[in-house]
Amino acid sequence: MNEILKYFPELSGVQKDQFQKLEELYHDWNSKINVISRKDIDELYTKHVLHSLAIAKIQEFEPGTYVLDVGTGGGFPGIPLAILFPETRFYLIDVILKKINVVKAVAESLGLENVKAEQIRAENVKGDYDFIVSRAVTNMLDFVSWVKDKIKKTNKHELKNGILYLKGGDLTQELAAFPKATEYNISEFFDNEFFETKKVVHLPLKFKL
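A quick note: this is a predicted structure, and the numbers were derived from the prediction, not measured. Per-chain numbering applies: the sequence of each chain, read as written, is numbered from 1 onward. Totals for whole chains, interfaces and linings use all residues, but because this is a predicted model, local features are given only for residues with pLDDT of at least 70 and pairs of side-chain atoms are given and counted only at 80 or more. Each side-chain value is worked out from all heavy atoms of the structure, with water and hydrogens disregarded.

(A) Local environment of the nonpolar core. Formed by 53 residues in total, the largest nonpolar core has its most connected members in Leu 22 and Ile 79. What counts as a helix is a DSSP run of H or I of at least four residues, what counts as a strand is a run of E of at least two, and both are numbered from the N terminus. With 9 residues, the single largest contributor to this core is helix H3 (residues 44-58). Only heavy atoms matter for contacts: two residues are in contact if any of them lie within 4.5 Å across the pair. Not counting chain neighbours up to four residues away, the residues in contact with Ile 79 comprise Leu 22, Tyr 26, Leu 92, Val 103, Val 106, Ala 107, Leu 110 and Leu 112. The nonpolar core is taken to be a set of buried Ala, Val, Leu, Ile, Met, Phe, Trp, Tyr and Cys residues, with the residues joined through side-chain atoms within 4.5 Å. Throughout this description, buried means an accessible area under 20% of the type-specific maximum (1.4 Å probe, protein chains only), exposed means over 50%, and partly exposed covers the range between. Within the second largest apolar cluster, 23 residues are counted, among which are Val 125, Ile 163, Leu 203 and Leu 205.

Rendered as structure tokens:
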């Protein structure tokens, strides 16, 4: 939790309380359902919460923004981002029902009224979004094929509407087909060795009828 406060010192009292509650909530759920790997649960704030919030260091979401979180698992990056941006609407999806049930329970426990969670495949999602976020659910080529027709027409951020993808390692080959993609090294924002090879990839996508 101290790491969150270190990099996001301007949190409100409500936000601090919500972030604080994540530890107990996820430990409790992990004892029932394996939402987060056993070796990672004790490093929840670094490997899951702070990692999710790296997206906020690339782009802060304006009030009224719509964000789709594809393959959210137990709620990452969607839940931490929803705490940080209470006036942004987050739609968290996953194909595994038990994980979506955890997301719903966590959001309810935290009083997050800006979160909707549903078991659905990305290809079947209706509606348009300013940004689509995810944490390395598949390669970029497949991911783009799932979400390319779900982007809002009007931009209202510094970055153009599109994908904000959390991924690690050498992405040269994977991103070769996407010359407009930009890689941001998370290690430039967070001083922790876990983030040395971790990146946020921004890929602008055009609105499609």
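(B) Seen up close, the packing of helix H2 (residues 13-32) against helix H5 (residues 97-110). For the pair H2 and H5, interaxial distance at closest approach is 10 Å and the crossing angle is 145°. By crossing handedness, the relation of H2 to H5 is classed as right-handed. Contacts between H2 and H5 involve Gln 18, Lys 21, Leu 22, Leu 25, Tyr 26 and Trp 29 from the first element and Val 102, Ala 105, Val 106, Ser 109 and Leu 110 from the second. Residues were grouped as follows: Ala, Val, Leu, Ile, Met, Phe, Trp, Tyr, Cys and Pro as nonpolar; Asp, Glu, Lys and Arg as charged; and all remaining residues, including Gly, as polar. When grouped by side-chain class, the residues that make up the contact of H2 with H5 number 8 nonpolar, 2 polar and 1 charged. Orientation is described by lines fitted to C-alpha atoms, with helices fitted over the stretch in contact, and by angles between N-to-C directions that extend from 0 to 180 degrees. Definitions for this section: a left-handed crossing has its near helix turned counterclockwise from the far helix by less than a right angle. A right-handed crossing has that turn clockwise.

Honestly, it's all geometry; don't read function into it.
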